[in-house]
Amino acid sequence: MYSAGDILTAVSEPHRADAAFRSPVERSLIGDHPTIVKLRALVDRVAATDATVLITGESGSGKEVVAHAIHSLSARNRRNFVAVNCAAIPHELLESEMFGHERGAFTGASTPRHGLFATADGGTIFLDEIGEMPLQLQAKLLRVLEDGIVRPVGSDRSTRIDARVIAASNNDLVAAVKRNAFREDLFYRLQVVPIVIPPLRERRSDIPLLVEYFLDRMRERLPGRDWTVTREAMVNLWSYDWPGNVRELVNMVERLVIMCEDSIIDIELLPSNLVNGGRMAEARIPATLGENGVNLNLLVRELEGRMINQALTQTSGNKQAAAKLLGLKRTTFAAKLRRCGVIAPSASNEADDS
Ligand SMILES: Nc1ncnc2c1ncn2[C@@H]1O[C@H](COP(=O)(O)OP(=O)(O)OP(=O)(O)O)[C@@H](O)[C@H]1O
Ligand SMILES: [Mg+2]
């Protein structure tokens, strides 16, 4: 049986912006990698407007964090942030959940009900997994976006609603548009401001920072306890591919803290698929090029990144030794490191820091 909790994944408390603290986005959207620094600047700019935003990124990469940050930094932050997971709601109920219904609008609608758009009035509505929205509802959403008017199911009355829309998708909406599974006009209407969140493996240099941040959160939850991650364990965390992105990392930190008997998080605690590159060793070279072909530059860059990571893991972060393993000059290796966005964990025996 489906419950209201499945639908309303979150209606957050209005946020109190307090100049005495670091900005909310600083606290929640952690990262020093250039892509994240740029992302934070974009979030700041977008928060000052009411523009519709489309966030794309792999599962667990931080789409909801970004949506929430935009809301928290916006003038709407005293009103609701309503998150709707379009994939979790049965198609036939999604319309009434979003726009509300009149009594008797359909079997089981014994009382009239406000929709989530009404709950988000004055605030922000976050339409997660928008690619799962049925086509017929996409047309209705487009109309709401165009004129700001919501009509509950079974009603002939329309209400003006002022909700800022942020949508997110982890699948390729462009491909869905091509297959006619997603309306092209809605796609363009949503992505007034497109925000793309890179997967964690493309910003590995943030891994130590994120690990420390999540450990801090564990320290708050378990006062009096403390943990240190050994350099070898960190090198392995840093080299892993993180297919589940930041969410997988959060869960891993929690698991390591639970498994850790003393205060040292060492390599023995890591699951075997995470040690020495784990899944990174799996080739991702496609068997056939398929209809859409491949992006050779991207593939080559990814392979390069993986080889560099592997070499650094094997040499415990010693760049000079890693360059030698790959048959590269020190300077060429350093240039590739910078291009891949890889920042090696500092090695104690390292002579080179170019
Ligand atoms: N940059 C970040 N800084 C701090 N925490 C982050 C960051 N990115 C993601 N997280 C944390 O990682 C987890 C997953 O993030 P989030 O729910 O935003 O991902 P998502 O892209 O919406 O995932 P899904 O596609 O599965 O819905 C959350 O616990 C979130 O707090
Ligand atoms: Mg999400």
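Read on for a plain summary of the structure. (Residues numbered from 1 in each chain as written. Chains lettered and ligands numbered in written order. Predicted model: local features only at pLDDT ≥ 70, side-chain atom pairs only at ≥ 80, totals over all residues. Heavy atoms only, no water.)

What follows concerns the site of ligand 1. Surrounding ligand 1, one finds 19 residues, the nearest of these being Ile30, Ser59, Gly60, Lys63 and Arg247. Backbone polar atom of Val65 to an oxygen atom of ligand 1: 3.0 Å apart, as the coordinates give it. Its free accessible area being 630 Å², ligand 1 has 85% of it covered by the protein chains. Among the elements of the structure, helix 4 (63-73), helix 10 (207-221) and helix 12 (245-259) are those that each provide at least two residues to the shell around ligand 1. A per-class count over the shell around ligand 1 returns eight nonpolar, six polar and five charged. Each of domain 1 (4-198) and domain 2 (200-281) accounts for three or more of the residues forming the shell around ligand 1. (Near = heavy atom within 4 Å. Polar contact = N/O pair within 3.5 Å; in protein donor to acceptor, adjacent residues only side chain to side chain. Areas by Shrake-Rupley, 256 points an atom, 1.4 Å probe, with all protein chains shown as cover. Helix = DSSP H or I, 4+ residues; strand = E, 2+ residues; numbered from the N terminus. Nonpolar A, V, L, I, M, F, W, Y, C, P; charged D, E, K, R; others polar. Domains from an automatic or database assignment.)

With that settled, the discussion passes to the pattern of salt bridges. Taken as a whole, this structure holds 13 salt bridges when the rule is applied. Among the ionic pairs, Asp185 bridges to Arg183, the shortest N-O distance being 2.7 Å. The class of Arg183 is partly exposed, set by a relative accessible area of 28%. With its nearest N and O atoms 2.5 Å apart, the salt bridge here joins Arg219 to Asp226. Look at Asp226 and you get partly exposed, because its relative accessible area is 45%. Sharing partners across several salt bridges, the network here consists of Glu212, Asp216, Arg219 and Asp226. (Salt bridge = Lys/Arg side-chain N within 4 Å of Asp/Glu carboxyl O. Buried < 20%, exposed > 50% of the residue type's maximum accessible area, 1.4 Å probe, protein only.)

With that settled, consider the environment of Glu184. You can see Glu184 is positioned in helix 9 (residues 184-190). When the C-alpha positions of Glu184 and Val174 are compared, they lie 8.5 Å apart, and in sequence the two are ten residues distant.

Our next topic: helix 10. With 15 residues, helix 10 should reach 21 Å at 1.5 Å per residue; the first-to-last C-alpha distance of 21 Å fits that figure. Of the surrounding secondary structure, the elements contacted by the buried residues of helix 10 are strand 9 (228-229), helix 11 (231-239), helix 12 and strand 10 (264-265). (Expected span 1.5 Å × (residues − 1). Contact = heavy atoms within 4.5 Å.)

This part is about the packing of aromatic side chains. What the rule picks out here adds up to five aromatic pairs. Ring geometry for Phe81 and Phe126: centres 6.0 Å apart, planes at 20°, overall stacked. Note that Phe81 is positioned in strand 3 (residues 81-85) and Phe126 in strand 4 (residues 124-128), a separation of 45 residues in sequence. Exposure class is identical for Phe81 and Phe126. Each is buried. (Phe/Tyr/Trp six-rings, centres within 6.5 Å; stacked < 30°, edge-to-face > 60°.)

Limitation: the analysis is restricted to geometry and does not speak to function.
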